[in-house]
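Descriptive analysis of the structure
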Amino acid sequence: MVVIILILYLAAPPVRSQLAMDARIYQLSPRGGYRFNNNPSQVYVPGRDVCIVEEVPALNMTFPLPWTHGTFCSHKTYLQHQCCEGFGSAPLEFGCPVVEKVVDVMTAMRKMPNVEKFSQLMSLHSMDRRHLDRFFETPPDALTLLVPLDEGFREADNFTASELRRVVEILRGHTSPLLLYHMLPRRWYLHHLYHNQQLRTLYRDTSVTVTKLSNKMVLFNCVPVQRVDIHARDGVLHVLQRPLPPSYVLSLVDLISMDPDLTMFFTVLGYADLLGWLRSVDSITVMAPTNAAFKRLPLRFLDSITYDVKYFPALQALSRNHLMEGVECSLGLRAKVRVKTLEGITLPVACSSSFNLSLNSALVTKPDVVTSNGVLHYIDKVMIPPRAMSLVQVTRRAGATKFIELVKEVGLFDDLVSFGPYTVFAPSNEAFKKLNASFLSNKDALRNLVMYHLAVGSHASFTLLDNQVLPTLLQDTFLRLKVHARVMSAEDGVVTSSDHVAFNGYVHVVDRVLHPPVSSIARVLSRDPNLRRFTSLVTQSGIALWRELSLEKGPFTLFAVPDDDMDRWASDLFTYYRIINDEKLLNRSLSAHILDDFVMPRALEEGSHSVLRPRLKRPSHHRYPLRLTVSEGRLSLRHASISKNFVLCTNGIILFIDTLLLP
């Protein structure tokens, strides 16, 4: 009976529930394990002897840790189980129960597959453990050896290949400096490493930079690790995809200054006063636009921002927008959604199915040029932050594209590109739809119109004051501002979008095309046939008031009563004749119609209550208050209703009410 059971046991195949699985798509488990799509209820947590590696078939690469969350540049990734380093499988046994023999570092390297080229180089230079005393007074007790795969030698650039062939004299021996650069004193296991760590090598105290990605994925000098933590008697080994680039040769500033394709970027950094800082920083990532990228920018914009001292902050913002803290390798960037520059701008990161990497639509043309104090990526486009954009670029981004078309048509495009500072009150595209088409055909009038929207100086909304007057580029004209709690207006245009910052000013979008007023309040009164009775009362009250409304002072707000409303009010003959026949009473009544203020009804918020102070004074020198309210879209002032129509004048505004204000 025992024999039969033994035969059946031996005949039945062992259950290899995890190792026998094929590669499969995975999802991360909330508990830190890995949940497989074909069996969502089963979560596998790696053990001591069985490890998970991640395969990216499109790249023909295997990573020692799962870190891409199932996709990499839109390509699916797969998990595969294999024995952990130092363990092996055994027939008819579960997992990887066999513990491999621990040997020294050099022997372990020679036993590894696909590293013959590096092993041959080590043998050629007699880089054996017992020969290290030729290069060091006190050889290290333990080593970390970074071993590149054979396939990686074909990917190495010419500079790395020449450095492998170069021989230098060190102490009592001659060897390749790049071989010593692949050797680190002491053991460095994966759990010892952290992001942006600098590890000293055996070559003249130079160092390699550690980049630790999500889920502990590690890169040395932007070279991904294929196998990690191969234990040896006198150290530890890590297998790299390719040889380490010799970052000890050049610093970032040296690289940028020597490359003929980065001369314009070097000039920008110099004028931004950042070259000295770049020399002193330990680890930084530079996104370097090529000369061809700079040539795509308007020449006057580039000259202004580079050579004009008043735009120095904008030049620094432009430069800092191409710098990122720490070392960001292209492999890690491909797995990110966004990155933040030193300027504080968050840039979107995209990776196409052909593995092309782009940041904010700037394509990385040459990635991972590693230097002694950081990494540099070549890009084909200058990434301009808002603080370094011209008023033309910022206005377009704010959506006022029609206004920029008019600016170009009237010949003011270069002014907004490179001169200033200006504050642009740009009408929205919707506002131009209400403009008379015949007006657009008059080029002189159109130029004056555009200039009227350009205020002199750089003014953010939080620096503007209520009733502030801004001079414009149109001679002898001004923009009168109203600033309320949540609404701001310039003339009769309500600001719908504010504080679009450019290097040469600010852009505020308004909902109307602004027209410069041409007549004073007195001139409008004298010419409007529907204001004859009210005008006669003003002139009757005395020459002083009429003269004041005729001068270019102010601004004033005049509450005028149209003749139709005046006729209805005058039906109360007793009140009417009492006022017009009493000079003092008439003056007091008309004085209540004039404010030493500029009231723009379009800027008043629904439900607001404003207390206005007319020019009339009591004997106690306190002014009569006028309470202006907005309810359900209707404006009212005491017992009078205010029309939505108004007339802008050179010295103020005329609002229309339906009754005379009694003192």
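Residues numbered from 1 in each chain as written. Predicted model: local features only at pLDDT ≥ 70, side-chain atom pairs only at ≥ 80, totals over all residues. Heavy atoms only, no water.

What follows is about the confidence of the model for the protein. Averaged over the protein, the pLDDT score is 83; the fraction of residues at 70 or greater is 87%. Within the protein, no element has a lower average pLDDT than helix H1 (residues 2-11), which sits at 41, and none a higher one than strand E20 (residues 284-289), at 96. In the model, residues 1-32 has pLDDT below 50 throughout and makes 55 contacts with residues more than four positions away in sequence or in other chains. Low confidence marks residues 617-622, where pLDDT is under 50. Its contacts with residues over four positions away, or in another chain, come to 3 contacts. (pLDDT = per-residue confidence, 0-100. Helix = DSSP H or I, 4+ residues; strand = E, 2+ residues; numbered from the N terminus. Contact = heavy atoms within 4.5 Å.)

As a further point, take the pairing of strand E30 (residues 478-483). By the bridge criterion, 3 bridges tie strand E29 (residues 469-471) to E30 in an arrangement that is antiparallel. Within the sheet, the bridge partner assigned to Val-469 lies in E30 and is Arg-480. A loop of 6 residues connects E29 with E30, the two strands running antiparallel in sequence, and Asp-476 in this loop sits at a positive phi of about 60°. The sheet contact formed by E30 and strand E31 (residues 488-490) spans 3 bridges and is antiparallel. By the bridge assignment for E31, Lys-482 is matched with Ser-489. Two successive antiparallel strands, E30 and E31, enclose a turn made up of 4 residues. (Pairing = 2+ DSSP bridges.)

Under the criterion given, the structure shown has 4 disulfides. Each sulfur of the disulfide joining Cys-73 and Cys-351 lies 1.7 Å from the other. Disulfide Cys-73-Cys-351: the torsion about the S-S bond is 90°, which places it as right-handed. On the criterion of sequence distance, the pair formed by Cys-73 in the loop between strand E6 (71-72) and strand E7 (75-76) and Cys-351 in strand E23 (residues 346-351) is long-range, its members being 278 residues apart. (Disulfide = S-S within 2.5 Å.)

With that out of the way, let us pick up the packing of aromatic side chains. Per the counting criterion, the structure on display carries 7 aromatic pairs. Ring centres of Tyr-181 and Tyr-248 lie 4.8 Å apart, and the angle between their planes is 70°; on these two criteria the pair is classed as edge-to-face. One end of the pair, Tyr-181, is in helix H6 (residues 177-181); the other, Tyr-248, is in the loop between strand E19 (235-240) and helix H7 (252-258), and 67 residues separate them in sequence. Measuring from centroid to centroid gives 5.1 Å for Tyr-271 and Tyr-307, while their planes differ by 90°, and the two rings are edge-to-face. Note that Tyr-271 is positioned in helix H8 (residues 263-271) and Tyr-307 in helix H11 (residues 299-307), a separation of 36 residues in sequence. A relative accessible area of 43% places Tyr-271 in the partly exposed class. Pairwise contacts between aromatic rings join Tyr-181, Tyr-203 and Tyr-248 into one cluster. (Phe/Tyr/Trp six-rings, centres within 6.5 Å; stacked < 30°, edge-to-face > 60°. Buried < 20%, exposed > 50% of the residue type's maximum accessible area, 1.4 Å probe, protein only.)

Before going further, it helps to examine the environment of Leu-190. Inspection of the secondary structure puts Leu-190 in the loop between strand E14 (183-185) and strand E15 (197-200). You can call Leu-190 buried: its relative accessible area is 10%. Along the primary structure Leu-190 and Lys-212 are separated by 22 residues, whereas in three dimensions their C-alpha atoms are 9.6 Å apart. The contact partners of Leu-190, leaving out residues within four places of it in the chain, are Leu-65, Lys-212, Lys-216, Val-218, Val-228, Asp-229 and His-238.

A separate point is the packing of H8 against H11. H11 packs onto H8 with a crossing angle of 35° between their chain directions and a minimal axis gap of 9 Å. Contacts from Met-264, Thr-267, Val-268 and Tyr-271 of H8 reach H11 at Leu-302, Thr-306 and Tyr-307. The residue makeup of the contact of H8 with H11, split by class, is 5 nonpolar, 2 polar and no charged. (Axes fitted to C-alpha atoms, helices over the stretch in contact; angles between N-to-C directions. Nonpolar A, V, L, I, M, F, W, Y, C, P; charged D, E, K, R; others polar.)

Bringing unusual backbone geometry into the picture now. Residue Pro-421 follows Gly-420 across a cis peptide bond; omega there is 0°. The residue Pro-421 is located in the loop between helix H16 (413-418) and strand E27 (422-427) in this model. In the Ramachandran plot, Asn-114 falls in the positive-phi region, its phi being about 65° despite a non-glycine side chain. You can see Asn-114 is positioned in the loop between helix H2 (105-111) and helix H3 (116-124). Take Asn-114: its relative accessible area is 41%, and that puts it in the partly exposed class. For Asn-467, which is not a glycine, the phi torsion comes out positive at approximately 70°. Here Asn-467 falls in the partly exposed class, since its relative accessible area comes to 30%.

Let us look at the nonpolar core. Counting residues in each nonpolar core, the largest one holds 75 residues, and the members touching the most others are Leu-278, Val-286, Leu-376, Phe-403 and Phe-425. The element that contributes the greatest number of residues to this core is helix H18 (residues 443-452), accounting for 5 residues. Those residues within four positions of Leu-278 in sequence are excluded, and the remaining contacts are Leu-252, Val-253, Leu-269, Ile-284, Val-286, Leu-323 and Asn-373. (Core = buried A, V, L, I, M, F, W, Y, C linked by side-chain atoms within 4.5 Å.)

Turning our eyes to something else, we now look at the sheet that holds strand E34 (residues 556-560). Spatially, 7 strands are ordered E35-E34-E40-E39-E38-E37-E36 in an open sheet, and the strand pairing comes out mixed. Because the sheet does not close on itself, it has two edges, and the strands there are strand E35 (594-595) and strand E36 (609-612).

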